[in-house]
Amino acid sequence: MTRRHILFTAVSGPLLPRLGVAASENGRQAGRWIVVDQGNSLARESARGFQAALRRTGERFEISDSVPSCSAELIVLPFAAALPRQQVLRLRTQVVSGCSVIIESGASFASHDEKLRQSVMWRHTFGVRVDLRPSAGTWPAGDSPDYVRYHWPADTQIRHFGEFFPVHLSGAEEIAIYRGRTVAIRKQIGRGELLFLGSPLGPILAAEDHQAAELAAGMIQHLMSVRAITQQGVTIATRS
Amino acid sequence: MKKSIGDNIIPKGMSFEQGLQLVKRAGYDGIEMWLGAQPWFQMKTSDAEARDLYRKIQDAGLLVSNVSNSLDWDENICARDPRVKQAAFRHIERQLETARMFETDAILVVAGVVTEQDPYNEVYGRCRDALQMLGGKAASARVKIGIENCNSEQRFLLSPREFSKFLDEVNSPWVGIHLDVGNIHDDGFAEQWIEINGPRITRIHLKDVLKHRGRCGNQSVYTNLFLGDNDWVAIHNALQKVKYDGWLIAEMESRYHYAADQQFFDTAAAMDRVISGRL
């Protein structure tokens, strides 16, 4: 049985959600390739959240374990860890040539070295400067629950998750704040658009939060309408 | 958000009209009408009498926030006895009718009471089926049924997620949750109930709770706002998050021993602080 055959069977069968193919896929050709997600537990949890968000749009998407080399219209990097140089360059090429990218910082709970690697990578690749100072730290234990406040694409509050990392604007547009600091931005890079989320959204999506679902739908809708994604589908890149 | 308080807390010896004046003077926007709790609003109250009650409410410059009932504990939709179940249907239907007369769009129902004799799964199925049926009647009346979370007393639908899944099964936009933030005790966090059930919240009861004391005979664990263990900052923030802009209804079980009218004023002032977030 070929991979294509497996996928074809899956789109009309019970395996469909596991493969991450949109529910409205019936009758349409599924993704070209699917690689088993070997991401760490948080990346996997977050990827599940974004998959659920994408599934709700009815749009076709594939799951990959790396940034694809073929041309994509939208790439989501849930809980993104530091990427190998080759993939970083690929990601940059994708954005410059018109791809929309959602990067969710994977710095929460990461080691200091890993945080530094990520910070350098995002600064060099996209000019995104993330504040890793300890003062940016965590939500103090015993404090009342607090929320990240998005004001794009809609006024929405999302539960704060793990550490948050303020992002410097430097030419970008602020889309969310937490405790008075910018934690998410959108930025035009070449012909593409980058959404950088310094406070995780995917795990909140995976927890079926209503407001997070609305927010993600708005983001995806915006990126789709801008890029008019109809042919290429969406790729969720997950990192091991 | 608007403030309301139940007519069941109007002190003994006060008439309905005097109670309404007190509610208005204390700064509330509306009143919660409890079917079965006070002599003026019973199952035998006729339509004409109900309309007269509403005229008095309007004359006092108040709205009706919702129609609740104190009858579900004896006549519940989960009852095995068909006659008891039928009685429950009758009083809920009467709530729907009077809600329309009072020009409000929500009622409160306590659905399901698990006991040694009535096991959980049985109660669950019967409640779901009953609410699917009542959902149709609510849709016709265009009045939402808010199922209250009386966690400790009902021993039913004990977590916010289970409540949400239960409502999924009922599957009616006319059946939601009447959330009582004081009823969660030490089994969870009111703010998480708000977050998880946000869009389905029909109304909110406010009271505070002494979480770790448990019930001691007839001694109540419920107390006045800010005297218990609820995290009111978290509750305020969660209400903002889910964009709840409906009624907040004070439900004070523990009454002042003296100057009963003072509780109305104190509670209204505390509710203003919850609404504004000055906590």
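Residues numbered from 1 in each chain as written. Chains lettered and ligands numbered in written order. Predicted model: local features only at pLDDT ≥ 70, side-chain atom pairs only at ≥ 80, totals over all residues.

Right, let's talk about the packing of helix 4 (residues 120-141) of chain B against helix 6 (residues 160-170) of chain B for a bit. Angle between the axes and distance between the axes: these two values describe a pair of packed helices. Residue and element names in this part refer to chain B. Their axes nearest at 9 Å, the elements helix 4 and helix 6 cross at an angle of 55°. In terms of orientation, helix 4 and helix 6 fall into the oblique class. The element helix 4 and its partner helix 6 pack so that their crossing is right-handed. Taken together, the residues of helix 6 that come into contact with helix 4 (itself represented by R128, L131, Q132 and G135) are F166, E169 and V170. In terms of residue class, the contact of helix 4 with helix 6 is built from three nonpolar, two polar and two charged. (Axes fitted to C-alpha atoms, helices over the stretch in contact; angles between N-to-C directions. Helix = DSSP H or I, 4+ residues; strand = E, 2+ residues; numbered from the N terminus. Parallel < 35°, antiparallel > 145°, perpendicular 65-115°, else oblique. Left-handed = near helix turned anticlockwise from the far one by under 90°. Contact = placed C-beta atoms within 7 Å. Nonpolar A, V, L, I, M, F, W, Y, C, P; charged D, E, K, R; others polar.)

Each side of the interface is counted separately: chain B has eleven residues, and chain A has eight residues. Only helix 7 (190-197) and helix 8 (232-241) of chain B provide two or more residues apiece to the side of chain B that touches chain A. Sort the elements by how many residues they give to the side of chain B that touches chain A and helix 8 of chain B lands first, with five residues. A breakdown of the residues in the side of chain B that touches chain A according to their chemical character gives four nonpolar, three polar and four charged.

The nonpolar side chains of a soluble globular protein tend to be buried, and buried together. Counting residues in hydrophobic clusters, the biggest one holds 76 residues, and the most contacted among them are I107, L206 and I235 of chain B. In terms of residue count, the dominant contributor to this core is helix 4 of chain B (six residues). Setting aside anything within four residues of it in sequence, one finds I235 of chain B in contact with V181, A190, E191, I194, N230 and V274 of chain B. Counting 61 residues, the second-largest nonpolar core is a separate cluster that includes A47, A72, A107 and A172 of chain A. (Core = buried A, V, L, I, M, F, W, Y, C linked by C-beta atoms within 7 Å. Buried ≥ 20, exposed ≤ 12 C-beta atoms within 10 Å, placed from the backbone.)

Residues and elements named next belong to chain A. Here five bridges tie strand 6 (residues 173-178) to strand 7 (residues 181-189), and the two strands are oriented antiparallel to one another. Residue pairing across strands places E174 opposite I185, the latter belonging to strand 7. Two strands pair when backbone bridges link them, and strand 7 and strand 8 (residues 192-197) are joined in this way by six bridges, in the antiparallel orientation. By the bridge assignment for strand 8, K187 is matched with L194. Where strand 7 hands over to strand 8, the hairpin turn is made up of two residues, of which G190 adopts a positive phi near 60°. (Pairing = 2+ DSSP bridges.)

When pLDDT is averaged along chain A, the result is 78, and 75% of the positions lie at 70 or above. Taken element by element, chain A is modelled with least confidence in helix 1 (residues 3-11) of chain A, mean pLDDT 35, and with most confidence in strand 6 of chain A, mean pLDDT 96. (pLDDT = per-residue confidence, 0-100.)

Residue and element names in this part refer to chain B. If you check helix 3 (residues 82-101), its first and last C-alpha atoms are 28 Å apart, about what 20 residues at 1.5 Å a residue would give, namely 28 Å. For helix 3, the complete set of buried residues consists of A88, H91, I92, R94, Q95, L96, T98 and A99. Considering only its buried residues, helix 3 is in contact with strand 2 (30-35), helix 2 (47-59), strand 3 (63-69), strand 4 (106-109) and helix 4. Just past helix 3, the residue E103 takes up positive phi, approximately 55°. (Expected span 1.5 Å × (residues − 1).)

Before going further, it helps to examine the pairing of strand 4 (residues 147-150) of chain A. Residues and elements named next belong to chain A. Residues V148 and Y150 line the buried face of strand 4, whereas the alternating positions Y147 and R149 sit on a face that is not buried. Bridge count for strand 4 against strand 5 (residues 156-159) is four bridges, and the pairing is antiparallel. Its bridge partner being in strand 5, V148 is matched across the sheet by I158. As consecutive antiparallel partners, strand 4 and strand 5 are separated by five residues. Pairing analysis gives two bridges linking strand 4 to strand 6, with the strands arranged antiparallel. Bridged to Y150 within strand 6 is A176.

This part takes up helix 1 (residues 16-25) of chain B. All names here are of chain B. Among all positions in helix 1, only G19, L20, L22 and V23 are buried. All buried residues of helix 1 lie within an arc of 160° about the axis, which places them on one face of the element. Contact partners of the buried residues in helix 1: strand 1 (2-6), strand 2, helix 2 and helix 9 (260-276). (Arc of directions from axis to C-beta.)

Between W152 of chain A and the following residue, P153 of chain A, the backbone shows a cis peptide bond with an omega angle of 0°. Relative to the assigned elements, P153 of chain A resides in the loop between strand 4 and strand 5. The phi torsion at K243 of chain B lies on the positive side, around 60°, for a residue other than glycine. K243 of chain B gets classed as partly exposed once you count the C-beta atoms within 10 Å, which come to 13. Backbone geometry places A259 of chain B, a non-glycine residue, at a positive phi of 45°. Following the sequence through the fold, A259 of chain B ends up in the loop between strand 10 (247-250) and helix 9. Take A259 of chain B: there are 10 C-beta atoms within 10 Å of it, and that puts it in the exposed class.

Residue and element names in this part refer to chain B. Relative orientation of the contacting elements helix 6 and helix 7 amounts to 25°, with a least axis distance of 9 Å. Judged by the inter-axis angle, helix 6 sits roughly parallel to helix 7. You can see that helix 6 and helix 7 cross each other, and the crossing is right-handed. Contacts between helix 6 and helix 7 involve P160, R161, F163 and S164 from the former and Q192, W193, I196 and N197 from the latter. Split by residue class, the contact of helix 6 with helix 7 holds four nonpolar, three polar and one charged.

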